Amino acid sequence: MTSCTFLHTSDLQLGMTRWFLDSDAQGRFDDARLRSIDRLGQVAAEHGCAFIVVAGDVFEHNSLSDRVTGRALERLRALPVPVYLLPGNHDPLVADSVFRRIDVDGVHVLGDSIPVEVAPGVELVGAPLLAKRATTDLVHRALDGLEPTDGIRVMVGHGQAESRSNDIHADLIDLAHVEARLADGTIDYLALGDTHSAQPVGDSGRVWFSGSPEVTDFRDLATAGGGETNSGKALVVEVTKSSASDASVVVEEVPIGEWTFEALDRELASAADVAEFLAALDAYPHKDRTVIKYGLRGTLTMTDTRQLETGVAARTPVFAALYERERLTDLHVEPGEEELADLGLSGFAATALTELVSAADEDPTARDAVNLLFRLSQES
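Here the structure is a predicted model, which is why all the values come from computation and not from measurement.

**Q** Quick rundown of the packing of aromatic side chains? Include the residues and the values.
**A** To describe a pair of aromatic rings, you give the distance between the ring centres and the angle between the ring planes. Under the criterion given, the structure shown has 16 aromatic pairs. Arranged with centres 5.7 Å apart and planes meeting at 70 degrees, the rings of phenylalanine 6 and tyrosine 189 form a pair that is edge-to-face. Of this pair, phenylalanine 6 sits in strand S1 (residues 2–9) while tyrosine 189 sits in strand S8 (residues 189–193), and the two are 183 residues apart along the sequence. Relative accessible area serves as the criterion here: at 0%, tyrosine 189 is assigned to the buried category.

Structural data, given as structure tokens:
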């Protein structure tokens with residue numbers, strides 16, 4: 001009987017930038033992505049892993065600065081176990097690939113599909129991308145010519161096993177074929193990258209996306225299962241095998257990431273709704289590494305609108321990013337009778353206010369003017 005434990009991760013996308021982060025927040029985001037490598041090493045040591053596999057998209061692209069690649073390789077070199085990197089669609093093994101510049105002890109590139117012995121009785125087989133877009137099922141091609149084995153064999157691939165649309169793509173991984181080869185002992189586990197949320201695929205329990213170890217996109221709280229729902233994880237995989245047809249796999253999800261990206265959606269109709277939304281923002285514990293985008297709908301009085309805008313403005317500098325989803329925001333201003341009376345306007349000013357209020361639903365400038373007029377009246 002042979003047993004092996006290893007760590008499965010993918011989609012580090014080192015060098016990734018996010019347009020909604022200012023330079024200060026982007027710097028913290030970059031550092032967090034490097035720290036995720038350190039955390040992978042800690043988890044590997046804690047769980048007795050023999051090696052780490054990164055199933056594609058190690059780097060955001062191949063044209064990164066020497067500073068970015070140098071810092072990344074230094075972190076990879078310091079890992080306590082060997083690490084095996086698979087070229088993905090972001091960093092394919094083309095002529096100018098960053099992988100062709102790697103010459104670091106303990107860091108290995110799975111640049112072809114020749115089985116590599118990584119421990120006694122344990123092999124890795126890669127299905128690397130040699131171009132930005134694959135034109136065939138690379139996992140299927142890598143399986144060709146392989147026979148069932150009594151040893152442990154792990155395949156590492158990058159791509160989708162199920163279509164996200166009605167279109168048929170030549171590079172889709174043939175999951176039925178994979179599971180047949182799992183059943184006959186040709187391979188024992190398929191480590192996948194590309195999807196950034198950790199999740200199993202199919203029915204065998206032996207095909208997994210590890211997800212990205214650090215968040216890259218938003219979780220949509222208004223949609224069950226929407227967006228990046230389970231990122232910031234890595235997988236500790238234990239394979240035990242006594243014969244070609246008798247293998248068992250146990251997969252454990254382990255938290256790695258530090259950042260939070262979430263999309264909020266609210267219907268606002270009262271001061272209580274505004275207070276609840278602001279309290280929801282206050283509840284995030286690590287705002288310096290939290291990104292929130294929000295969509296707001298409804299009708300508020302001028303007082304409530306002012307409270308909302310003041311509250312959001314006060315909180316914006318505290319978050320890594322806090323910004324409005326303009327496409328999903330549909331807020332209207334409807335002053336109450338008491339508010340209008342308290343302004344004490346008459347003549348031309350009263351007429352102008354009426355026109356601005358009427359236009360505020362469609363024109364953000366008019367809404368801003370109403371709020372400004374209301375604020376000035378409150379301060380006078």
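**Q** Which residues make up the environment of valine 312, and what values do they have?
**A** With respect to the helices and strands, valine 312 occurs in helix H6 (residues 302–315). Under the relative-accessibility criterion, valine 312 is labelled buried at 10%. Each C-alpha atom, one on valine 312 and one on glutamate 324, is 9.9 Å from the other, the two residues being 12 residues apart in sequence. If near-sequence neighbours (up to four positions away) are discounted, valine 312 is found in contact with Phe277, Leu278, Tyr294 and Leu322.

**Q** I'd like a description of the nonpolar core, backed by residues and values.
**A** If you look at the biggest cluster of nonpolar residues, it comprises 31 residues, and the most contacted ones within it are Leu7, Ile52, Phe59, Leu85 and Phe99. Counting only elements with at least two residues in this core, the list comes to helix H1 (23–46), strand S2 (52–54), helix H2 (66–77), strand S3 (83–85) and strand S13 (233–243). At 5 residues, H1 tops the list of elements feeding residues into this core. Beyond its immediate sequence surroundings of up to four residues, isoleucine 52 is in contact with Leu7, Thr9, Leu40, Ala44, Leu79, Val81, Pro82, Val83 and Tyr84. Residues Ala55, Leu86, Leu110 and Trp208 belong to the second largest nonpolar core, which totals 23 residues.

**Q** Can you lay out the pairing of strand S6 (residues 122–126) for me, pointing to particular residues and giving the numbers?
**A** Taken across its 5 residues, S6 has 4 buried, putting it largely inside the fold. In the sheet, strand S5 (residues 116–119) pairs with S6 via 3 bridges, with the strands oriented antiparallel. The residue of S6 that forms the bridge with valine 116 is leucine 124. The turn linking S5 back onto S6 is made up of 2 residues, and glycine 121 within it adopts a positive phi angle of 75 degrees. With helix H3 (residues 138–143) bridging S6 and its parallel neighbour strand S7 (residues 152–158), the resulting β-α-β unit is right-handed.

Cut-off values and rules
- Residues numbered from 1 in each chain as written.
- Predicted model: local features only at pLDDT ≥ 70, side-chain atom pairs only at ≥ 80, totals over all residues.
- Heavy atoms only, no water.
- Phe/Tyr/Trp six-rings, centres within 6.5 Å; stacked < 30°, edge-to-face > 60°.
- Helix = DSSP H or I, 4+ residues; strand = E, 2+ residues; numbered from the N terminus.
- Buried < 20%, exposed > 50% of the residue type's maximum accessible area, 1.4 Å probe, protein only.
- Contact = heavy atoms within 4.5 Å.
- Core = buried A, V, L, I, M, F, W, Y, C linked by side-chain atoms within 4.5 Å.
- Pairing = 2+ DSSP bridges.
- Right-handed = clockwise from strand over helix to strand, strands pointing away.

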